[in-house]
Amino acid sequence: MWSGQPHPDEGHPLPLEAVPVSWKSVGSCRGLRESPGGLAETSAGKEAPSEEGPAAAPLDVSRLRSSSMEIREKGSEFLKEELHKAQKELKLKDEECERLSKVREQLEQELEELTASLFEEAHKMVREANMKQAASEKQLKEARGKIDMLQAEVTALKTLVITSTPASPNRELHPQLLSPTKAGPRKGHLRHKSTSSTLCPAVCPVAGHILTPDKEGKEVDTTLFAEFQAWRESPTLDKSSPFLERVYREDVGPCLDFTVQELSALVRAAVEDNTLTIEPVASQTPPSVKVAAVDYGSTNTCALSGLARVCRHRIRLGDSESHYYISPSSRARITAVCNFFTYIRYIQQGLVRQDAEPMFWEITRLRKEMSLAKLGFFPQEA
């Protein structure tokens, strides 16, 4: 039987009156035991006895322990999940930071390369500009030097032409009047003592009379003089003008009409373009040697007439390296035409400062030289 107050020696728990807790209804006690919140209302290390007796206390403790373990497990799982999420987010953040860091490094490298290339391009442009400026200054200096030289040459030519008259030609202006030792090969029309004004004194004795410029009778042909004056108004080398058309028809054409027609046409074109060169032959072939056939490259055959003659000169057309040997007669005809073209070029360039009549008589004298050379009259060379 249950006694209201057990004996203390029998090992039973203390009576309910000895426990200092506030009592509540049975339902509230059961709710306290079943809910986790009831654990907070119990004091640490103390258990609330129920109406069922002392046997229910161990069961309540085990339930509390199991509930606490479940709560811990659930809390641990929740914390692990949160930790895993945080680690995952942290990993993503690290990857994003690494990517951004690489992008920044790439941009910095590109910026450095762009800056270096810009500086290099700027230095290159400055260097090229300095080189172009130096080249331009050099060209300007050379151009000024050429201009000064050309001005000096024009002044000298004007002085020479002004001091030259048909009666007393200037020997510096007309190289054909110089001695053979002083007159060397020249580029363009080469003229020697064998032609020009020395033809008349050399030819006239053969005809039986000597005419000097002072005593020679002259009469101006009005038709020819009118054509010359019309040409002098606007000097040109165009063959369509009546003055030059007459000279071409009566003098230039017949004077340059040689047996070898093809080479004659080339010589005429070179004379008109002022690209013909006459050079003396350095070594001569002995006159005793005879050629069996016509050879244009031989010093014993004239390339223009095709006749066997001793050729002391040769011609070169333009910049060609080919040479053609010519006889003294062919040379006299070519130089007579060259003298005429040289003089009318001086007139065209404004280098001849004379009246119309002296210029006309000089042209007439040059036409006379072409006519004599065309007929085969030429002075013998020493």
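Rules behind the numbers
- Residues numbered from 1 in each chain as written.
- Predicted model: local features only at pLDDT ≥ 70, side-chain atom pairs only at ≥ 80, totals over all residues.
- Heavy atoms only, no water.
- Patch = residues over 30% accessible without salt bridge, like charges linked within 9 Å, V, L, I, M, F, W, Y side chains within 5 Å.
- Areas by Shrake-Rupley, 256 points an atom, 1.4 Å probe, with all protein chains shown as cover.
- Salt bridge = Lys/Arg side-chain N within 4 Å of Asp/Glu carboxyl O.
- Lys, Arg positive; Asp, Glu negative; His and termini not counted.
- Charge placed at Lys NZ, Arg CZ, Asp CG, Glu CD.
- Helix = DSSP H or I, 4+ residues; strand = E, 2+ residues; numbered from the N terminus.
- Buried < 20%, exposed > 50% of the residue type's maximum accessible area, 1.4 Å probe, protein only.
- Polar contact = N/O pair within 3.5 Å; in protein donor to acceptor, adjacent residues only side chain to side chain.

Caption draft 1: Geometry of a negative patch on the surface. On the surface, Glu70, Glu73, Glu77, Glu81, Glu82 and Glu89 cluster together to form a negatively charged patch. Within the element layout of this structure, Glu77 appears in helix α3 (residues 57-162).

Caption draft 2: Inspection of the side chain of Thr335 at higher detail. Take Thr335: it is sitting in helix α8 (residues 328-348). Thr335 sits in the buried class, given a relative accessible area of 0%. Within the local environment of Thr335, its side chain forms a polar contact with the backbone oxygen of Arg331, the two atoms lying 2.9 Å apart.

Caption draft 3: How the structure looks around the pattern of salt bridges. On inspection of all chains with the given rule, the structure shows 14 salt bridges. Between Arg99 and Glu96 there is a salt bridge, with its nearest N and O atoms 2.6 Å apart. With Arg99 and Glu96 both in helix α3 and three residues apart, the pair spans about one turn of that helix. Arg99 sits in the partly exposed class, given a relative accessible area of 44%. Here Arg367 and Glu250 are joined by a salt bridge, their closest N and O atoms 2.6 Å apart. Taken together, the positions of Arg367 in helix α9 (residues 356-374) and Glu250 in helix α6 (residues 242-255) put the pair 117 residues apart, joining distant regions of the chain. The exposure class assigned to Arg367 is buried, which follows from its relative accessible area of 13%. Judged by relative accessible area, which is 31%, Glu250 ranks as partly exposed. Each of Glu227, Glu245, Arg246, Arg249, Glu250, Asp251 and Arg367 takes part in salt bridges that share partners, so that together they form one network.

So yeah, pure geometry; function would need other evidence.
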